[in-house]
Amino acid sequence: MLLVSSITPSGRTWALEAAIASIPSATVLDSADAISSSTALQIAEAFQVAGATTASPDLVASIGSFAAVSSLTSMFTRAQADGKACVALFPESVAAAVSDLQSLATLFDVSGIVAPDSGGMTEVLNTAMAIQRGEIELLLVCPPEESAVEAAMREIAAATACGVRVRGLAVCPMPRKSDGWPKFIRQAARDLVDRLEQGVHPIPVQRARGGMAPSFGDEGFEVCTPMVSEVADGQRVWSITIPGLSHSDVAVGTWTADPAYPTTHVVLNVAGCIARRRVDATLRRCVPIDVVVSGDSIAITFEPQPDQWPIDLPSSGGTGAGDG
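The rules behind these values
Sequence order sets the numbering: in each chain, residues are counted from 1 along the sequence as written. Local features in a predicted model are, by the rule used here, given only for residues with pLDDT of at least 70; side-chain atom pairs are given and counted only at 80 or more, and totals for whole chains, interfaces and linings are based on all residues. Excluding hydrogens and water, the side-chain figures rest on all heavy atoms present in the structure. A 1.4 Å probe that fits into a set of points on a 1 Å grid over the protein atoms alone but cannot get out defines a cavity; an open set with protein on both sides within 12 Å along at least five of seven lines defines a pocket, and lining residues are those with an atom within 4 Å of a point. Grid points are joined across faces, edges and corners, and a volume is the space filled by probe spheres set on the points. The way it works is that DSSP assigns letters per residue, a run of H or I at least four long becomes a helix, a run of E at least two long becomes a strand, and they are numbered from the N terminus. Under the convention adopted here, Pro, Cys and the residues Ala, Val, Leu, Ile, Met, Phe, Trp and Tyr are nonpolar, Asp, Glu, Lys and Arg are charged, and Gly plus all remaining residues are polar. The classification of residues rests on relative accessible area computed with a 1.4 Å probe and restricted to protein chains. Under 20% of the type maximum is buried, over 50% is exposed, and intermediate values are partly exposed. Note that the arc is computed from the directions linking the helix axis to the C-beta atoms. By definition in these notes, contact holds between two residues if any of their heavy atoms fall within 4.5 Å. Among buried residues, those of type Ala, Val, Leu, Ile, Met, Phe, Trp, Tyr and Cys that are joined through side-chain atoms within 4.5 Å constitute a nonpolar core. Charge assignment: positive for Lys and Arg, negative for Asp and Glu; neither His nor the chain ends contribute. The term salt bridge refers to a side-chain nitrogen of Lys or Arg lying within 4 Å of a carboxyl oxygen of Asp or Glu. Pairing between strands is defined by DSSP: at least two bridges between them are needed. Axis definition: a line fitted to C-alpha atoms, over the contacting stretch in the case of helices. Angles run 0 to 180 degrees between N-to-C directions.

Novice: Help me get a handle on the layout of surface pockets, residues and values and all.
Specialist: If you roll a probe as big as a water molecule over the atoms, it shows you where there is empty space left. Space inside the second largest pocket adds up to approximately 250 Å³. Together, 15 residues line the second largest pocket, and Met1, Leu2, Ala85, Cys86 and Glu135 are the ones closest to its centre. Looking at the lining of the second largest pocket, the elements with two or more residues in it are α5 (66-82) and β5 (165-171). No other element matches the three residues that α5 contributes to the lining of the second largest pocket. Of the residues in the lining of the second largest pocket, the class split is seven nonpolar, two polar and six charged.

Novice: An account of helix α1 (residues 12-22) is requested, with residue identities and associated values reported.
Specialist: Residues Trp14, Ala15, Ala18, Ala19 and Ser22 constitute the buried set of α1. Each buried residue of α1 sits inside an arc of 135° when the element is viewed along its axis, so together they form one side. Along its buried surface, α1 packs onto β1 (2-6), β3 (86-89), β4 (137-142) and β5.

Novice: Break down the nonpolar core for me, citing the residues and quoting the values.
Specialist: Proteins that are soluble and globular tend to have nonpolar side chains buried together. Among the nonpolar cores identified, the biggest contains 91 residues, and Met1, Leu3, Leu169 and Ile242 are the most heavily contacted of them. Other than its neighbours up to four places away in sequence, Leu169 contacts Leu140, Cys142, Ala152, Ile156, Leu196, Pro204, Val205, Gln206 and Phe216.

Novice: How would you summarise the side chain of Arg186 if you had to cite specific residues and measurements?
Specialist: Checked against the element boundaries, Arg186 lands in helix α9 (residues 183-199). Nearest to the buried, unbridged Arg186 among oppositely charged side chains is Asp179, at 9.6 Å. Not counting residues up to four positions away in its chain, the partners in contact with Arg186 are Pro175, Arg176, Lys177 and Trp181.

Novice: Can you lay out the sheet that holds strand β11 (residues 273-278) for me, pointing to particular residues and giving the numbers?
Specialist: With respect to topology, three strands assemble into an open sheet ordered β9-β10-β11, the strand pairing being antiparallel. Because the sheet does not close on itself, it has two edges, and the strands there are β9 (250-255) and β11. Within this sheet the neighbouring strands show an average axis-to-axis angle of 20°, counted without direction. Bridge count for β9 against strand β10 (residues 265-270) is six bridges, and the pairing is antiparallel. Each bridged residue has a counterpart across the sheet, and for Ala251 the counterpart in β10 is Asn269. Most of the contacts of helix α6 (residues 94-110) go to β11, to which it runs at about 50°, and overall it touches β9 and β11. Packed onto the sheet, helix α8 (residues 146-161) meets β10 and β11 and runs at close to 30° relative to β11.

Novice: I'd like a rundown of the pairing of β11, residues and numbers included.
Specialist: When you tally the buried positions in β11, you get five out of six residues, the bulk of the element. Direction of pairing for β10 relative to β11: antiparallel, over a ladder of six bridges. From the neighbouring strand, Val266 faces β11, where its bridge partner is Arg277. Remark: two residues form the turn of the hairpin made by β10 and β11, two consecutive strands paired antiparallel; Ala271 in that turn has positive phi of roughly 55°.

Right, dumping it as C-alpha coordinates:
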(Lines give C-alpha, C1' and ligand atoms only; values in the text may rest on other atoms or scores of the structure.)
Protein backbone atom coordinates (compact mmCIF):
# COMPACT_ATOMS: atom_id res chain seq x y z
CA MET A 1 0.00 0.00 0.00
CA LEU A 2 1.29 3.44 -0.94
CA LEU A 3 0.32 6.17 1.52
CA VAL A 4 0.22 9.60 -0.11
CA SER A 5 0.31 12.71 2.02
CA SER A 6 0.82 16.43 1.57
CA ILE A 7 2.44 19.01 3.81
CA THR A 8 -0.30 21.50 2.81
CA PRO A 9 -4.01 20.76 2.20
CA SER A 10 -3.80 22.33 -1.26
CA GLY A 11 -1.23 19.73 -2.28
CA ARG A 12 -3.48 16.70 -1.82
CA THR A 13 -4.61 16.77 -5.44
CA TRP A 14 -0.96 16.82 -6.52
CA ALA A 15 -0.19 13.96 -4.11
CA LEU A 16 -2.93 11.81 -5.57
CA GLU A 17 -1.81 12.65 -9.12
CA ALA A 18 1.78 11.68 -8.29
CA ALA A 19 0.63 8.42 -6.70
CA ILE A 20 -1.54 7.44 -9.67
CA ALA A 21 1.30 8.32 -12.05
CA SER A 22 3.58 6.07 -9.98
CA ILE A 23 1.15 3.12 -9.81
CA PRO A 24 -1.37 3.58 -12.67
CA SER A 25 -3.26 0.34 -11.95
CA ALA A 26 -3.71 0.99 -8.22
CA THR A 27 -7.03 1.18 -6.42
CA VAL A 28 -7.50 4.55 -4.70
CA LEU A 29 -8.61 4.56 -1.05
CA ASP A 30 -9.67 7.61 0.92
CA SER A 31 -9.20 7.66 4.69
CA ALA A 32 -12.65 9.17 5.18
CA ASP A 33 -14.22 6.18 3.40
CA ALA A 34 -11.91 3.48 4.74
CA ILE A 35 -12.07 4.26 8.47
CA SER A 36 -14.29 1.94 10.44
CA SER A 37 -16.02 3.16 13.58
CA SER A 38 -16.11 -0.44 14.88
CA THR A 39 -12.35 -0.71 14.40
CA ALA A 40 -11.81 2.53 16.33
CA LEU A 41 -13.95 1.19 19.19
CA GLN A 42 -12.13 -2.16 19.19
CA ILE A 43 -8.75 -0.43 19.31
CA ALA A 44 -9.87 1.78 22.20
CA GLU A 45 -11.17 -1.25 24.12
CA ALA A 46 -7.94 -3.19 23.50
CA PHE A 47 -5.95 -0.16 24.65
CA GLN A 48 -7.88 -0.04 27.92
CA VAL A 49 -7.23 -3.75 28.55
CA ALA A 50 -3.53 -3.51 27.70
CA GLY A 51 -3.05 -0.30 29.65
CA ALA A 52 -4.59 -1.89 32.74
CA THR A 53 -2.27 -4.91 32.61
CA THR A 54 1.08 -3.24 32.06
CA ALA A 55 3.28 -0.94 34.13
CA SER A 56 4.32 1.18 31.15
CA PRO A 57 2.76 4.63 31.59
CA ASP A 58 5.27 6.04 29.09
CA LEU A 59 3.75 3.88 26.37
CA VAL A 60 0.23 4.96 27.27
CA ALA A 61 1.22 8.64 27.33
CA SER A 62 2.99 8.47 23.97
CA ILE A 63 -0.17 7.61 22.01
CA GLY A 64 -1.67 10.79 20.61
CA SER A 65 -4.49 9.85 18.22
CA PHE A 66 -6.69 6.78 18.07
CA ALA A 67 -8.41 8.26 15.02
CA ALA A 68 -5.20 8.32 12.98
CA VAL A 69 -4.32 4.76 14.05
CA SER A 70 -7.84 3.58 13.20
CA SER A 71 -7.63 5.23 9.79
CA LEU A 72 -4.25 3.67 9.03
CA THR A 73 -5.21 0.16 10.16
CA SER A 74 -8.59 0.30 8.40
CA MET A 75 -6.98 1.30 5.10
CA PHE A 76 -4.37 -1.43 5.31
CA THR A 77 -6.99 -4.03 6.20
CA ARG A 78 -9.09 -2.97 3.23
CA ALA A 79 -6.03 -3.00 0.94
CA GLN A 80 -5.26 -6.55 2.05
CA ALA A 81 -8.84 -7.61 1.38
CA ASP A 82 -8.71 -6.12 -2.13
CA GLY A 83 -5.55 -8.06 -2.90
CA LYS A 84 -4.41 -5.35 -5.35
CA ALA A 85 -1.96 -2.48 -5.35
CA CYS A 86 -3.59 0.36 -3.41
CA VAL A 87 -3.00 4.09 -3.10
CA ALA A 88 -4.35 5.64 0.10
CA LEU A 89 -4.70 9.39 0.56
CA PHE A 90 -3.75 10.16 4.17
CA PRO A 91 -4.63 13.73 5.23
CA GLU A 92 -2.64 13.71 8.49
CA SER A 93 1.01 13.20 9.37
CA VAL A 94 1.96 9.65 8.40
CA ALA A 95 4.92 9.77 10.77
CA ALA A 96 2.71 10.70 13.74
CA ALA A 97 0.16 7.98 12.88
CA VAL A 98 2.86 5.31 12.54
CA SER A 99 4.48 6.44 15.79
CA ASP A 100 1.14 6.05 17.61
CA LEU A 101 0.50 2.72 15.90
CA GLN A 102 3.88 1.32 16.94
CA SER A 103 3.51 2.57 20.52
CA LEU A 104 0.13 0.85 20.69
CA ALA A 105 1.55 -2.37 19.21
CA THR A 106 4.39 -2.29 21.76
CA LEU A 107 1.88 -1.73 24.56
CA PHE A 108 -0.04 -4.81 23.42
CA ASP A 109 3.22 -6.75 23.27
CA VAL A 110 4.38 -5.93 26.81
CA SER A 111 0.93 -6.19 28.37
CA GLY A 112 1.19 -9.98 28.53
CA ILE A 113 -1.89 -10.60 26.40
CA VAL A 114 -0.83 -13.73 24.51
CA ALA A 115 -3.72 -14.27 22.08
CA PRO A 116 -5.38 -11.10 20.81
CA ASP A 117 -9.14 -11.57 21.14
CA SER A 118 -9.94 -8.16 19.71
CA GLY A 119 -10.20 -7.38 16.02
CA GLY A 120 -8.77 -3.94 16.69
CA MET A 121 -5.69 -5.36 18.38
CA THR A 122 -5.15 -7.84 15.57
CA GLU A 123 -5.36 -5.10 12.93
CA VAL A 124 -2.89 -2.91 14.83
CA LEU A 125 -0.36 -5.75 15.12
CA ASN A 126 -0.79 -6.75 11.46
CA THR A 127 -0.30 -3.18 10.27
CA ALA A 128 2.77 -2.67 12.47
CA MET A 129 4.32 -5.86 11.04
CA ALA A 130 3.51 -4.71 7.50
CA ILE A 131 5.47 -1.51 8.09
CA GLN A 132 8.44 -3.56 9.31
CA ARG A 133 8.26 -5.70 6.17
CA GLY A 134 8.13 -2.64 3.91
CA GLU A 135 4.60 -3.34 2.66
CA ILE A 136 3.47 0.22 3.47
CA GLU A 137 5.31 3.11 1.79
CA LEU A 138 5.02 6.88 1.86
CA LEU A 139 4.92 9.37 -0.99
CA LEU A 140 5.06 12.93 0.30
CA VAL A 141 4.26 16.17 -1.53
CA CYS A 142 5.21 19.71 -0.58
CA PRO A 143 5.17 23.08 -2.38
CA PRO A 144 8.44 24.95 -3.06
CA GLU A 145 8.06 27.19 0.00
CA GLU A 146 10.59 27.64 2.80
CA SER A 147 8.36 26.58 5.69
CA ALA A 148 6.88 23.66 3.73
CA VAL A 149 10.32 22.36 2.77
CA GLU A 150 11.43 22.45 6.42
CA ALA A 151 8.25 20.63 7.45
CA ALA A 152 8.79 18.03 4.72
CA MET A 153 12.31 17.27 5.95
CA ARG A 154 11.01 16.84 9.50
CA GLU A 155 8.24 14.52 8.29
CA ILE A 156 10.70 12.43 6.28
CA ALA A 157 13.06 12.21 9.26
CA ALA A 158 10.29 11.13 11.65
CA ALA A 159 8.78 8.63 9.20
CA THR A 160 12.09 6.95 8.34
CA ALA A 161 13.07 6.87 12.03
CA CYS A 162 9.88 4.84 12.59
CA GLY A 163 10.95 2.46 9.84
CA VAL A 164 8.61 3.65 7.08
CA ARG A 165 9.95 3.18 3.57
CA VAL A 166 9.63 6.37 1.51
CA ARG A 167 8.87 6.05 -2.21
CA GLY A 168 9.79 9.69 -2.84
CA LEU A 169 9.20 13.37 -2.20
CA ALA A 170 7.43 15.40 -4.90
CA VAL A 171 7.68 19.19 -5.08
CA CYS A 172 4.46 20.53 -6.58
CA PRO A 173 3.46 22.86 -8.09
CA MET A 174 6.50 24.58 -9.56
CA PRO A 175 6.20 28.21 -10.73
CA ARG A 176 6.37 28.31 -14.53
CA LYS A 177 7.41 30.97 -16.97
CA SER A 178 4.28 30.28 -19.05
CA ASP A 179 2.16 31.22 -16.02
CA GLY A 180 3.90 34.58 -15.69
CA TRP A 181 6.19 33.85 -12.76
CA PRO A 182 9.36 36.00 -12.80
CA LYS A 183 12.75 34.37 -13.15
CA PHE A 184 13.93 35.02 -9.59
CA ILE A 185 10.91 33.18 -8.13
CA ARG A 186 11.42 30.23 -10.48
CA GLN A 187 15.10 30.08 -9.54
CA ALA A 188 14.29 30.26 -5.82
CA ALA A 189 11.93 27.29 -6.23
CA ARG A 190 14.61 25.26 -8.01
CA ASP A 191 17.07 26.14 -5.24
CA LEU A 192 14.62 24.75 -2.66
CA VAL A 193 14.37 21.51 -4.63
CA ASP A 194 18.18 21.25 -4.56
CA ARG A 195 18.12 21.88 -0.82
CA LEU A 196 15.55 19.13 -0.35
CA GLU A 197 17.64 16.67 -2.35
CA GLN A 198 20.63 17.34 -0.14
CA GLY A 199 18.58 17.35 3.08
CA VAL A 200 16.82 14.00 2.62
CA HIS A 201 19.42 12.08 0.60
CA PRO A 202 19.11 9.23 -0.45
CA ILE A 203 15.30 9.67 -0.60
CA PRO A 204 14.35 10.46 -4.25
CA VAL A 205 13.17 14.03 -4.81
CA GLN A 206 11.44 15.13 -8.03
CA ARG A 207 9.61 18.28 -9.04
CA ALA A 208 6.59 18.91 -11.19
CA ARG A 209 7.38 19.52 -14.83
CA GLY A 210 5.09 21.02 -17.43
CA GLY A 211 2.33 21.31 -14.87
CA MET A 212 2.32 17.54 -14.26
CA ALA A 213 3.14 15.72 -11.03
CA PRO A 214 6.20 13.43 -11.18
CA SER A 215 6.04 9.66 -10.93
CA PHE A 216 8.12 7.38 -8.71
CA GLY A 217 8.24 3.96 -10.30
CA ASP A 218 10.83 2.36 -8.04
CA GLU A 219 9.74 0.96 -4.70
CA GLY A 220 11.11 2.52 -1.54
CA PHE A 221 13.99 0.96 0.34
CA GLU A 222 15.14 0.77 3.94
CA VAL A 223 17.37 3.77 4.62
CA CYS A 224 17.54 3.65 8.43
CA THR A 225 19.15 0.33 9.23
CA PRO A 226 21.06 0.59 12.54
CA MET A 227 24.61 -0.72 12.72
CA VAL A 228 26.53 -2.05 15.72
CA SER A 229 30.33 -1.99 15.87
CA GLU A 230 32.63 -3.18 18.64
CA VAL A 231 35.27 -0.82 19.98
CA ALA A 232 37.85 -0.96 22.77
CA ASP A 233 37.22 -2.50 26.23
CA GLY A 234 34.19 -4.44 25.03
CA GLN A 235 32.20 -1.31 24.33
CA ARG A 236 29.84 -1.26 21.37
CA VAL A 237 28.50 1.62 19.31
CA TRP A 238 24.95 1.56 17.98
CA SER A 239 24.59 4.03 15.10
CA ILE A 240 21.94 5.12 12.64
CA THR A 241 21.66 7.73 9.87
CA ILE A 242 18.25 9.33 9.34
CA PRO A 243 17.53 11.52 6.28
CA GLY A 244 16.47 15.01 7.34
CA LEU A 245 17.51 14.57 10.97
CA SER A 246 19.71 17.67 10.98
CA HIS A 247 16.58 19.76 10.31
CA SER A 248 14.60 18.20 13.18
CA ASP A 249 14.48 18.40 16.94
CA VAL A 250 15.76 15.10 18.32
CA ALA A 251 16.07 13.40 21.69
CA VAL A 252 17.69 10.01 22.29
CA GLY A 253 17.32 7.49 25.09
CA THR A 254 16.97 3.79 25.88
CA TRP A 255 14.09 1.77 27.25
CA THR A 256 13.48 -1.77 28.39
CA ALA A 257 10.37 -3.85 27.86
CA ASP A 258 11.87 -6.73 29.88
CA PRO A 259 13.05 -6.24 33.49
CA ALA A 260 15.59 -9.04 32.96
CA TYR A 261 17.64 -6.73 30.72
CA PRO A 262 18.81 -3.13 31.14
CA THR A 263 18.05 -2.24 27.51
CA THR A 264 15.70 -3.65 24.87
CA HIS A 265 15.10 -0.58 22.68
CA VAL A 266 16.73 2.63 21.59
CA VAL A 267 14.12 5.40 21.78
CA LEU A 268 14.25 8.28 19.29
CA ASN A 269 12.06 11.33 19.59
CA VAL A 270 12.28 12.92 16.14
CA ALA A 271 10.17 16.02 15.49
CA GLY A 272 7.78 14.95 18.25
CA CYS A 273 7.33 11.37 16.96
CA ILE A 274 8.51 8.45 19.09
CA ALA A 275 10.37 5.58 17.42
CA ARG A 276 11.46 2.52 19.41
CA ARG A 277 14.19 0.54 17.67
CA ARG A 278 14.75 -2.94 19.10
CA VAL A 279 18.40 -3.79 19.87
CA ASP A 280 20.11 -7.15 19.39
CA ALA A 281 20.78 -9.77 22.06
CA THR A 282 24.25 -8.41 22.84
CA LEU A 283 23.15 -4.83 23.45
CA ARG A 284 20.29 -6.00 25.65
CA ARG A 285 22.97 -6.85 28.22
CA CYS A 286 24.61 -3.42 27.99
CA VAL A 287 23.93 0.06 29.31
CA PRO A 288 24.39 3.34 27.39
CA ILE A 289 27.19 5.62 28.55
CA ASP A 290 27.35 8.25 25.80
CA VAL A 291 25.38 9.58 22.84
CA VAL A 292 26.44 11.84 19.98
CA VAL A 293 24.08 13.47 17.47
CA SER A 294 25.89 14.95 14.47
CA GLY A 295 24.21 16.00 11.26
CA ASP A 296 21.89 13.19 10.21
CA SER A 297 23.63 10.57 12.36
CA ILE A 298 23.20 9.27 15.91
CA ALA A 299 25.77 7.16 17.75
CA ILE A 300 25.22 5.59 21.18
CA THR A 301 28.08 3.96 23.06
CA PHE A 302 27.17 0.96 25.23
CA GLU A 303 29.24 -0.90 27.77
CA PRO A 304 28.56 -4.39 29.15
CA GLN A 305 26.56 -4.64 32.36
CA PRO A 306 28.75 -6.88 34.61
CA ASP A 307 25.91 -8.89 36.14
CA GLN A 308 24.61 -9.76 32.65
CA TRP A 309 27.80 -11.49 31.48
CA PRO A 310 29.41 -14.81 32.54
CA ILE A 311 32.36 -14.61 34.91
CA ASP A 312 35.62 -16.39 34.05
CA LEU A 313 36.36 -18.62 37.06
CA PRO A 314 39.99 -19.53 37.89
CA SER A 315 41.09 -23.09 37.19
CA SER A 316 40.83 -25.47 40.17
CA GLY A 317 44.25 -26.92 39.33
CA GLY A 318 42.94 -30.48 39.34
CA THR A 319 44.14 -33.12 36.92
CA GLY A 320 40.84 -34.73 36.07
CA ALA A 321 39.04 -37.91 37.13
CA GLY A 322 42.11 -39.39 38.82
CA ASP A 323 42.34 -36.67 41.48
CA GLY A 324 41.91 -37.66 45.09
